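# Structural features, examined
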Amino acid sequence: MLETLLHRIRLQAYLMMVLFSLGLVAIWFMRYLGWAFPAEPTRVLSMVGLLGSTTGAVALPILVRMAFYRKSAHQDGLSLSEFFRMERCLVLCVLFGALFTLFAYLVPVYRYHLYLSVLVTIYGIYSVFPANKTYKKDIAAFRVKSDET
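What counts and what doesn't
Residues numbered from 1 in each chain as written. Predicted model: local features only at pLDDT ≥ 70, side-chain atom pairs only at ≥ 80, totals over all residues. Heavy atoms only, no water. Helix = DSSP H or I, 4+ residues; strand = E, 2+ residues; numbered from the N terminus. Polar contact = N/O pair within 3.5 Å; in protein donor to acceptor, adjacent residues only side chain to side chain. Contact = heavy atoms within 4.5 Å. Buried < 20%, exposed > 50% of the residue type's maximum accessible area, 1.4 Å probe, protein only. Core = buried A, V, L, I, M, F, W, Y, C linked by side-chain atoms within 4.5 Å. pLDDT = per-residue confidence, 0-100. Expected span 1.5 Å × (residues − 1). Bend = angle between axes of the 7 residues up to and from the residue.

In this section: the environment of Trp-28. Relative to the assigned elements, Trp-28 resides in helix 1 (residues 2-33). Along the backbone, Trp-28 and Leu-106 are 78 residues apart, and their C-alpha atoms lie at a distance of 8.3 Å.

This paragraph deals with the side chain of Asp-138. Structurally, Asp-138 is set in helix 5 (residues 132-141). Here the side chain of Asp-138 touches Arg-65 through a polar contact of 3.0 Å, side chain to side chain. Contacts of Asp-138, omitting those with residues within four sequence positions, involve Arg-65, Phe-83 and Glu-87.

Moving on, we come to the environment of Met-16. Residue placement: Met-16 occurs in helix 1. Among the residues examined, Met-16 registers a relative accessible area of 3% and is labelled buried. With 27 residues separating them in the primary sequence, Met-16 and Arg-43 have C-alpha atoms 28 Å apart. In this view, Met-16 contacts Val-91, Val-94, Leu-95, Ile-125 and Val-128; residues no more than four positions away in its chain are not counted.

Okay, the nonpolar core next. Residues Ile-9, Met-16, Phe-83, Met-86 and Phe-142 are the most contacted members of the largest nonpolar core, which totals 27 residues. Of all the elements in the fold, those that place two or more residues in this core are helix 1, helix 2 (43-75), helix 3 (80-106) and helix 5. Other than its neighbours up to four places away in sequence, Phe-83 contacts Leu-5, Ile-9, Asp-138, Ile-139, Phe-142 and Val-144.

Any region with low pLDDT has predicted coordinates that should not be read closely. Averaged over all residues, the pLDDT of the protein is 89; the fraction at 70 or higher stands at 97%. When mean pLDDT is taken per element in the protein, helix 2 scores highest with 94 and helix 5 scores lowest with 85.

This next bit is on helix 2. Across its 33 residues, helix 2 extends 45 Å between first and last C-alpha, which sits within 8% of the 48 Å expected from 1.5 Å per residue. Its axis deflected by about 40° at Thr-55, helix 2 carries its strongest bend there. Within helix 2, burial applies to Ser-46, Gly-49, Leu-50, Gly-52, Ser-53, Gly-56, Ala-57, Pro-61, Val-64, Phe-68 and Ser-72.

Written as structure tokens, this is what we have:
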């Protein structure tokens, strides 16, 4: 059961990475074709891109992990389905931040904000990257129990 769960989490994380990569390629083609965008970068668009990517890739995953950790502490552990829900929510939060980075790449923003958005998104993707060691540590930290019991 646990192996199939981890396999599903990995598939979701890889799907998120593929979608983000396809978004980057699509935006690159749109820029290559010269589709019209505002010529000058604006502070508002720059801050929306930076704050959105930071919120999605860093702040929301921290909030989700803390909420589930608190739930784990009160319930003496999480079930496998709750752990899967947490991991799926983490992937969706990082995808949300990645979408803001794609937005920042699409519209003209200040380079500094774009580079920070990309770095924050890379960190977010790294934080949900499907590694066996990470999952084993998370399973131990959240005291994951089998759903059958």
